[in-house]
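# Chains, contacts and geometry: an overview
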Amino acid sequence: MSRRKAFTLIELLVVIAIIAILAAILFPVFAQAKVAAKKASELSNFKQLTLGNLIYSGDYDDVFTLHGHWLGDPQTGWMYRITPYIKNLQIFRSPQDSGHVDNVDGWMGPSISVAANTLAGLTLPDVGDNVMRGVIGFDMQTNWGGPIGTTNQTAITQVADTIMLAPKYTRDVKAQGVWPPANTPFLTLQSTFLWDFDPTFSGKAYYYTDPLSSGAIPNGGRPDGTYPIGKNGGVSGAKDENMPFAFADGHAKSFKPTATNPDGGRQPEKNKWDSIR
């Protein structure tokens, strides 16, 4: 009768060591693949949001939506206006944004991960520099800076190279300690980019200049600083990381935030946020 051969302790330890080594090699690969999948999903969301804005524009004489701030009617933000063309609130949220909640403070609505290229409290004659007009008044026809209008597609001089939407995560807005404490579509400035609060680096000074709104656009000529006053401005993402951007012609592309405005006021022709450059 033959004896049954079993694994020795040494053999078991060798097998366990091999499994541990393989896990150490493969887990980072799995993590990288997961991040890549999330980035691809986010870029696809940006594409769909841009198309929603363009369809809206096509139904309204080729003009982009206004974005109202602090108005009596909460449904004046650009997100509400394009929702009938989207019908999926999930695409407003990035799978990379850990700050999501279903209902902020019970009344401000769902949190989002994207913000529009707009201005708030803008003054003439700089009324046409952005893609989506912003207004901070209690009247959609006027604001603190004077009469406003909408942005027409034909007025944008470089439609394929002008940014419409960019990522601004709820987690980053929350970290600033501002109010409202999230990137929400309800009565908030958080869902917009407000250009530059420092005219030294933008070459232009706008009426609304609040850095706490986390809304400055990127500027490669600005000194390094913490979010949102560094080179990336209010755009979410790690330093030198490619992030998704949506353009006024309907396409979406990922690249470094500073590439959207590499040298601020010194090279205004390269500022992809300026719709009439």
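Residues numbered from 1 in each chain as written. Predicted model: local features only at pLDDT ≥ 70, side-chain atom pairs only at ≥ 80, totals over all residues. Heavy atoms only, no water.

It is worth spelling out the nonpolar core at this point. Residues Leu 49, Phe 64, Trp 78, Phe 92, Met 132 and Leu 165 are the most contacted members of the largest nonpolar core, which totals 21 residues. Every element with two or more residues in this core is listed here: helix 1 (9-59), helix 2 (78-86), strand 2 (114-117) and strand 6 (163-167). Residues within four places of Trp 78 in sequence aside, it is in contact with Asn 53, Thr 65, Leu 66, His 67, Phe 92, Val 114, Ala 115, Ala 116, Met 132, Leu 165 and Ser 191. Counting residues in each nonpolar core, the second largest holds twelve residues, with Ile 163, Phe 193, Ile 217 and Phe 255 among its members. (Core = buried A, V, L, I, M, F, W, Y, C linked by side-chain atoms within 4.5 Å. Buried < 20%, exposed > 50% of the residue type's maximum accessible area, 1.4 Å probe, protein only. Helix = DSSP H or I, 4+ residues; strand = E, 2+ residues; numbered from the N terminus. Contact = heavy atoms within 4.5 Å.)

What follows covers the sheet that holds strand 6. Here five strands make up an open sheet; going across it, the order is 7-2-6-8-9 and the pairing mixed. Two strands in the sheet have a free side with no partner beyond their single neighbour: strand 7 (192-193) and strand 9 (252-255). Strand direction decides the pairing type here: strand 6 and strand 8 (residues 243-247), joined by two bridges, are antiparallel. Across the sheet, residue Ile 163 finds its bridge partner in strand 8, namely Phe 247. (Pairing = 2+ DSSP bridges.)

Another aspect to go through is the packing of aromatic side chains. By convention here, two paired aromatic rings are described through the distance between centres and the angle between planes. Applying the stated criterion across every chain, the model contains six aromatic pairs. Ring centres of Tyr 56 and Tyr 60 lie 4.5 Å apart, and the angle between their planes is 25 degrees; on these two criteria the pair is classed as stacked. Taking relative accessible area as the criterion, Tyr 60 reaches 44% and is therefore assigned partly exposed. Ring centres 6.1 Å apart and planes at 90 degrees place the aromatic pair Tyr 56 and Tyr 85 in the edge-to-face group. One end of the pair, Tyr 56, is in helix 1; the other, Tyr 85, is in helix 2, and 29 residues separate them in sequence. Under the relative-accessibility criterion, Tyr 85 is labelled partly exposed at 27%. Of the aromatic side chains, those joined through ring pairs into one cluster are Phe 245, Phe 247, Phe 255 and Trp 273. (Phe/Tyr/Trp six-rings, centres within 6.5 Å; stacked < 30°, edge-to-face > 60°.)

Glancing now at helix 2. Within the sequence span of helix 2, burial applies to Trp 78, Met 79, Ile 82 and Ile 86. What you see down the axis of helix 2 is that its buried residues fit within an arc of 80 degrees, all on one side. Backbone geometry just after helix 2 places Lys 87 at a positive phi near 60 degrees. (Arc of directions from axis to C-beta.)

Relative to the elements of secondary structure, Asn 53 occurs in helix 1. Excluding anything up to four places from it in sequence, Asn 53 contacts Phe 64, Thr 65, Trp 78, Ile 82, Met 132, Met 164 and Leu 165.

This part covers a nonpolar patch on the surface. Judged by side-chain polarity, Leu 9, Ile 10, Leu 13, Val 14, Ile 16, Ile 18, Ile 21, Leu 22, Ile 25, Leu 26, Phe 27 and Phe 30 come together as a nonpolar surface patch covering roughly 1,200 Å² of accessible area. Along the chain, the position of Leu 9 falls in helix 1. (Patch = residues over 30% accessible without salt bridge, like charges linked within 9 Å, V, L, I, M, F, W, Y side chains within 5 Å. Areas by Shrake-Rupley, 256 points an atom, 1.4 Å probe, with all protein chains shown as cover. Salt bridge = Lys/Arg side-chain N within 4 Å of Asp/Glu carboxyl O.)

Another aspect to go through is the environment of Pro 185. Looking at the secondary structure, you find Pro 185 in the loop between helix 3 (170-175) and strand 7. Looking at Pro 185, the relative accessible area reads 8%, which means it is buried. Put simply, Pro 185 and Ile 112 are 73 residues apart on the chain and 7.4 Å apart in space, counted from C-alpha to C-alpha.

Take it as geometry only, folks, not as evidence of what the structure does.
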